[in-house]
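# Geometric and topological summary
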Amino acid sequence: MIIDTTEVQTINSFSTSGFFKEVYGLIWIIPILTLILEITIGVLVIVWLEREISAAIQQRIGPEYAGPLGILQAIADGTKLLLKEDLLPSRGDIRLFSVGPSIAVISVLLSYLVIPFGYRLVLADLGIGVFLWIAISSIAPIGLLMSGYGSNNKYSFSGGLRAAAQSISYEIPLTLCVLSISLRLEIGRNDQVVLPYDSDLDSSTVDIVEAQSKYGFWGWNLWRQPIGFLVFLISSLAECERLPFDLPEAEEELVAGYQTEYSGIKYALFYLASYLNLLVSSLFVTVLYLGGWNFSIPYIPIPELFRINQMAGIFGMTIDIFIT
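Everything numeric in this text was worked out from a predicted model, so none of it was measured. (Residues numbered from 1 in each chain as written. Predicted model: local features only at pLDDT ≥ 70, side-chain atom pairs only at ≥ 80, totals over all residues. Heavy atoms only, no water.)

## Regarding the packing of helix H3 (residues 94–109) against helix H10 (residues 264–289)
Two quantities define a packed helix pair, namely the angle between the axes and the distance from one axis to the other. It is at 9 Å that the axes of H3 and H10 come closest, and there the two elements cross at 20°. The angle between H3 and H10 places the two elements in the roughly parallel class. Regarding H3 and H10, the two cross each other, and that crossing is left-handed. Across from Phe97, Ser98, Pro101, Ser102, Ala104, Val105, Val108 and Leu109 in H3, the residues of H10 making contact are Lys266, Leu269, Phe270, Ala273, Leu276, Asn277 and Val280. The class makeup of the residues in the contact of H3 with H10 is eleven nonpolar, three polar and one charged. (Axes fitted to C-alpha atoms, helices over the stretch in contact; angles between N-to-C directions. Helix = DSSP H or I, 4+ residues; strand = E, 2+ residues; numbered from the N terminus. Parallel < 35°, antiparallel > 145°, perpendicular 65-115°, else oblique. Left-handed = near helix turned anticlockwise from the far one by under 90°. Contact = heavy atoms within 4.5 Å. Nonpolar A, V, L, I, M, F, W, Y, C, P; charged D, E, K, R; others polar.)

## What to know about unusual backbone geometry
For glutamine 59, which is not a glycine, the phi torsion comes out positive at approximately 60°. Among the structural elements, glutamine 59 can be located in the loop between helix H1 (5–57) and helix H2 (73–83). You can call glutamine 59 exposed: its relative accessible area is 76%. Positive phi is not limited to glycine here, since leucine 69 has a value of about 60°. Judged by relative accessible area, leucine 69 falls into the exposed class, the value being 62%. (Buried < 20%, exposed > 50% of the residue type's maximum accessible area, 1.4 Å probe, protein only.)

## Points about the confidence of the model for the protein
Looking at the protein as a whole, its pLDDT mean stands at 78, while 77% of the residues score no less than 70. In the predicted structure, residues 7–16 sits below a pLDDT of 50 and forms one contact with residues beyond four places in sequence or in another chain. For residues 193–199, every residue scores under 50 in pLDDT, and the model assigns this stretch six contacts once sequence neighbours within four places are set aside. (pLDDT = per-residue confidence, 0-100.)

## What to know about the nonpolar core
Counting residues in each nonpolar core, the largest one holds 46 residues, and the members touching the most others are Tyr112, Trp133, Phe232 and Leu288. Residue assignment for this core shows that the elements contributing at least two residues are H1, H3, helix H4 (129–137), helix H6 (154–190), helix H7 (205–211), helix H9 (226–239) and H10. Tyrosine 112 has contacts with Leu35, Ile39, Phe117, Leu276, Leu279, Val280 and Leu283, leaving out every residue within four places of it along the chain. (Core = buried A, V, L, I, M, F, W, Y, C linked by side-chain atoms within 4.5 Å.)

Pasting the structure below:
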């Protein structure tokens, strides 16, 4: 039996390339899992901070028994919601009732794909990054409507309508603020006014951050568009249903709006989506108006002063995330 050496090399190269493709596919999962872990920790920290700050304002003690300073209280609440019974309305639409919370969470999670947490620390650097966030976030009201309608409850349906109307209303000024930043970035590149039919507007989140890094913190879009910053901040609060825009939850009516019929894990998904949306809105304020991971004093760049550029690896990424 004669074995051709060329055929053996071809087979080995094919198997090796297939092996590397599988390994690359597994490696690509690691950043996604890391991002999900960071987001989860960020949500837990926000929940704990909100309780501590609210307790201090209202002269209460706040969480203190679950772990030191109550830092495990959010984990305890999440575990409790996971173990609670999942109740379903007897005459409601079970499919819409079950899919609604999932849509609310997934639409927010997908927004984290285009957020740069540091230099080259972004999952997807797309040319339509910010507008992709606007498009994805516009799916969330559909989930709220599905939840309110599927509950077969007049309070839930009314809360779903109010939540969808509020979200859609404040998406318009939110989109205009994003459009103004993208248009200014394009004008800064070409030194001329660019109309939409002349070229495509660049809305990459990485490019927006780098465009603000030329003049230190004086180059932030906060100083260039202060009115846009205020409008974006107010619209983000309305999108997150935070005070004074908490009308969809209708706490003053002793019901929870579109969440009235939910319990257990489905209610936890709405709770998670609310804080995920709060975190992603804060990150986009940082990226669009506060310079992202770049922070330097004019003519005294901090990275060069502390030799951060020479510190490669995990330490440099950690500093970028901390600044963001």
